[in-house]
Structure formats: structure tokens, C-alpha cells
Amino acid sequence: MNMNVIEASGLGKRYGGTWALSECTLAIPAGHVAALVGPNGAGKTTLLNLAVGLAEPTAGGVTVLGGLPPGSPAALDGIAFVAQDMPVYKNLSAADMLHLTRNLNRHFDQPYARARLAELGIPLNRKAGKLSGGQQAQLALTVALARRPRLLVLDEPVAMLDPVARHDFMATVLTAAADDGVSVVLSSHVLAELERVADYLILLSRGRVQVAGEVDDLLASHRLLTGPAAEADRYSERPVVHVRRGEAQAHLLVRAAADDPVPPGWEAHPVGLEELTLAYLREPGAAALPGPGRDRTLPFETGQPSEVTR
Amino acid sequence: MDIDKGTGEGQAGVSPAGAGGGDRSTAPSGQAAAASPIEFRLDAASGVPTYLQLVHQVEHALRLGYLKPGDQLPKVRDVVASLAINPNTVLKAYRDLEVKGLAAGRPGQGTFVQATLSQVALPELTALRRSLSGWLAAADGAGLDEDGMVALFTSALRDFYEHRSGARTRGGAAGGETEGVA
């Protein structure tokens, strides 16, 4: 299955005088749990809204599920979207929610939805507004998954949930990925959890794609070098992403493969996804994108202020 | 993602590693359909990649006799559901174990243990553990803390193997993997 679930080319969206997203070019392959990461205002929600057809692009274009226009009947059938605020109708019971969704969609797996809610211990006759936050999130997710989508889009799904509810919610999402091969694209602030959940990362910054790729490839192509601060500047020719420098010692996060030679006096360590993501978020000028000739490096000479080690 | 859907349940009665099994520290935590004798856990703070943690836990269980050839490894779906991790991570771990010759996939059933790493049967292991506990108590009584015990054990272990390989002097091949402590 070599299709792209979301493909954008020069995609841009302007609200009034502000570009929420600009020159966004990316391709998210099917069969992944892809994490969309970036600071507040980076354009994550805008990108997701464009992909599910809730907004129209100002510039460029976007297709879903292998070339379908967002919002087209085929795209709507194949995509389920759970928005940021865990949308459930507060005055409807869980049973009413299932009934409504079933009648508003062409496909709806009622037995799955009922079995899932029973498994979760969510009473069908209780009004959604009376459920706990975790249960409301699970109800919204169950309704979305019962549509048997090929792509599940989640905007900040776990931001408001406690740790247990967060774990259970992600377990439901990942089980759907394991059972039915649903592709997942989710935006998140919870970096620590991404490492376990996501196998594809897209980092958005100031409305542009800064990093995109399979997590394993990204981790294999970055190293943390630790050595004498005085020699740190020698690496200006290397693709340095981020520098943390103390008076004597410096840590450089560089793009380098595991078998690249380590300079004498320096130690190389593998990096985790959280460390990698933070490094890029702190250096909006650096980028790691797939494809030849698109690696931009951050030259030391530009005098990016380096963060001093604690 | 090509994941075996929960068949295998029928033939799942794979008997857990013999000998009472009372001291099995990794017993399934009350979850239904525990077809495998082991259950995975994750240490987020270890810095070890998730798939490697799974690989290490299987190897550890093989060494200690909790897993024997023919035992079923936890189903991918069950691991995903209980740990909330990416299915590809579990598949990667199982692929790694297959490459090492320790496990093999059976179409439509799951992944099963193929080889063993434990050189000693469970009763002997229990006896060895008991004598080690005695040593630990003595070390504790002498005022050694945990780090001290680890340091002493590691150094004694190294001496032991250096001495042994010195005594043999002919081409290694004897012990194979000597990474005993996990």
C-alpha cells in the first residue's frame, strides 16, 4: 500500500492578513501513526482542517487517500476526524450519538460501537455531558472508528486527559491501527509519548514543514556529540542542528549516521525522539526533510545564540 | 500493517514453563486471554528504544526459563492494547527475535519461541538463586550497599571468566555468550 494519506503541495491558508500555513509541501504515507508536532500557532490545526475539508486553501493544494479532494464524498467516507475539543453532543445519550452518526454516514459499524462502549463500561443511556472527560473522549473516538475509516485524524486528542485516560485512549487508537490497518495522523504537544506511539514525524514551525520522515530514519541519522566547548566551532561545516554550550563543554545535536567517525576527544550518543524534536523546535532555521538537496544546515557563522547549559 | 488477527486462541493452551511457576515474576496481570507466559512492561526512563526493551525482555525470560521453545509470545494486538505502543514497534521486535533465531512466526497464529537461551533447568536456577540470596544477605550484613554488591559481583565475574579462558588457552568457542547478567 504505497499511497499517501495526505499530500500537500505549496499549501497555504491565510486568515485575514495572517498566514496560518504557508508553502507546506509534504506527503504522509499510509500505514503509519504519524505525529504532527509544533509550537502553538505553527499551523497544525489549520493543516488538519484543510486535509479533512473543513477549510479551503488560499494557496496550493492538498489531496487525501491517494489523490482524493478533501471533502469529496469518497474522502468523507474514508476519513474520520476528531477535533480538538472532543466533540460530543452533551445532551445526547451515548445511544443517541450512535443512532445519529449511523444515520448521517454511509458506513457505520453499530455492533463494533456497542461492543466497544460495553468494553469501556460507558452506559448507553447516560447523557454524554455527564460522562467523565476520558469517557467523552473514548465516545468520540468510538463513533469515529465505527465509521471504519481508512484514515483517522486526531487534533490534540489527549491534551485534556489524565494519564490513565490518555493511555487508554491511545491504546484504542493503536489497536485500531493494528487490527484494521487504519492510518493515523495526530497532532500533539505531549512529546514524551510520541516515541512509543508515532512511527512517522512531521514537525511544523511558523507555518512551514521543518522535519518530516520515519522516526527510525530520523533517529538513525542524528547523533549527540559531547566534547570541549572550544572545539565546537570546528563543526561549522557539519550539519549541526542545535548547540548547548557551557564554558568548558558543549553538546551538539548533528545530522550524522551511526558509523560516521567521531572526532577525537568527543563522545557520540544516540538521540531520542523527544530530544530531537526539542532541538529542532529551538532552531526554527534548521530542517530535515526527505529528498535530495533539501537538507539545509544551520551555519554557526549566523551566530544563532546558543543556549547555555545549566 | 500485516498483523495476524486473533486466531490461535484455540491452540493457545501452551503450557507455561513447568515447575510450579509460582515464582514467575512476569505473570500475566489478570488480563483475559493470556496465551503467552510473559507480559511486557516498559521503562520510559531507561532511554532504551522500545523495540529493544521488548527484545531484551524476551531474551531475559528465555535465560531464566520463563519461556521455552514452543511458547507463544504475546500477540501483537495484545501488546499494543496493554502498552499503548505502535504496532510496528512490536513487529520490529519480533522480527529482530526471528533474525536471531529465537522466535518464528506461524501464519495466522502468532509468534512462537524457537530456541532457548537458558543453559540450566528451572529447579537448578531456583537453587542458584537461593544461594545467591544467601550471599547477598551476607554482603548486606557486612555493610555493602547495592552499588557495592554489583561492583563486587561484576569484578568477580570478570576474574572468573578471565581465569577460565586463561586456563583453557585453546580457541574460545566454549561458552558462546557470556553476558550472563541482564
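Owing to the predicted nature of the structure, the values given are computational and were not obtained by experimental measurement.

J.: I'd like to hear about the environment of Ser36 of chain B, residue by residue, with values.
T.: Residue and element names in this part refer to chain B. By the secondary structure assignment, Ser36 is in the segment before helix 1 (50-63). A count of 26 C-beta atoms within 10 Å places Ser36 in the buried class. In this structure, the C-alpha to C-alpha distance between Ser36 and Leu73, residues 37 residues apart in sequence, is 5.3 Å.

J.: With reference to specific residues and values, describe the interface of chain A and chain B.
T.: With 17 residues of chain A at the contact, the number on the chain B side is 14 residues. Elements with a minimum of two residues in the side of chain A that touches chain B: helix 6 (163-180) and helix 7 (191-197) of chain A. Top contributing element to the side of chain A that touches chain B by residue count: helix 6 of chain A, with eight residues. Across the side of chain A that touches chain B, the residue classes break down as eight nonpolar, five polar and four charged.

J.: Which residues make up the confidence of the model for chain B, and what are the values?
T.: Detailed conclusions should not be drawn from predicted coordinates in areas where pLDDT is low. Residue and element names in this part refer to chain B. Overall, the predicted model of chain B reaches an average pLDDT of 76, with 72% of residues at or above 70. Here residues 171-182 scores under 50 on pLDDT; set against residues more than four positions off or in separate chains, the count is six contacts. Both confidence scores are given for the complex: pTM 0.75, ipTM 0.78.

J.: Requested: an account of helix 3 (residues 87-99) of chain B, with residues and values cited.
T.: The first and last C-alpha atoms of helix 3 of chain B sit 18 Å apart over 13 residues, in line with the 18 Å expected at 1.5 Å per residue. Listing the buried residues of helix 3 of chain B in full gives Pro87, Asn88, Thr89, Val90, Leu91, Ala93, Tyr94 and Leu97 of chain B. Next to the buried residues of helix 3 of chain B lie helix 6 of chain A together with helix 1, helix 2 (76-83), strand 1 (103-106) and strand 2 (110-113) of chain B.

J.: Explain the packing of helix 6 of chain A against helix 2 of chain B to me, using residue names and the numbers behind them.
T.: Viewed as axis vectors pointing N to C, helix 6 of chain A and helix 2 of chain B meet at an angle of 165°, and their least axial separation amounts to 8 Å. Classified by the interaxial angle, the pair formed by helix 6 of chain A and helix 2 of chain B is roughly antiparallel. Note on packing geometry: the crossing formed by helix 6 of chain A with helix 2 of chain B is right-handed. Side by side, helix 6 of chain A and helix 2 of chain B meet where Ala171, Leu174, Thr175, Ala178 and Asp179 of chain A of the first sit next to Val76, Arg77, Val80 and Ala81 of chain B of the second. The residue inventory of the contact of helix 6 of chain A with helix 2 of chain B, partitioned by class, reads six nonpolar, one polar and two charged.

J.: Go over the sheet that holds strand 6 (residues 151-155) of chain A, please, and point to the residues and values.
T.: All names here are of chain A. The strand order across the open sheet formed by six strands is 5-6-7-3-8-9, and the pairing between neighbours is mixed. This sheet does not close on itself; its edge strands, each paired only once, are strand 5 (79-82) and strand 9 (208-214). In this sheet, adjacent strand axes meet at a mean angle of 15° when their direction is disregarded. Looking at chain direction, strand 3 (residues 33-37) and strand 7 (residues 183-187) are connected through four bridges and run parallel. Note on strand 7: the bridge partner recorded for Ala34 is Val185. Of the strands in this sheet, strand 3, strand 8 (200-205) and strand 9 are in contact with helix 9 (residues 273-282), which crosses strand 8 at around 20°.

J.: Any details on the sheet that holds strand 1 (residues 4-15) of chain A? Residues and values, ideally.
T.: All names here are of chain A. Reading across the sheet, the three strands line up as 2-1-4 and stay open at both edges, with antiparallel pairing between neighbours. The sheet is open, and its two edges are formed by strand 2 (18-29) and strand 4 (59-64), each paired on a single side. When the angles between neighbouring strand axes are averaged without regard to direction, this sheet yields 20°.

What counts, and at which threshold
Residues numbered from 1 in each chain as written. Chains lettered and ligands numbered in written order. Predicted model: local features only at pLDDT ≥ 70, side-chain atom pairs only at ≥ 80, totals over all residues. Helix = DSSP H or I, 4+ residues; strand = E, 2+ residues; numbered from the N terminus. Buried ≥ 20, exposed ≤ 12 C-beta atoms within 10 Å, placed from the backbone. Contact = placed C-beta atoms within 7 Å. Nonpolar A, V, L, I, M, F, W, Y, C, P; charged D, E, K, R; others polar. pLDDT = per-residue confidence, 0-100. Expected span 1.5 Å × (residues − 1). Axes fitted to C-alpha atoms, helices over the stretch in contact; angles between N-to-C directions. Parallel < 35°, antiparallel > 145°, perpendicular 65-115°, else oblique. Left-handed = near helix turned anticlockwise from the far one by under 90°. Pairing = 2+ DSSP bridges.

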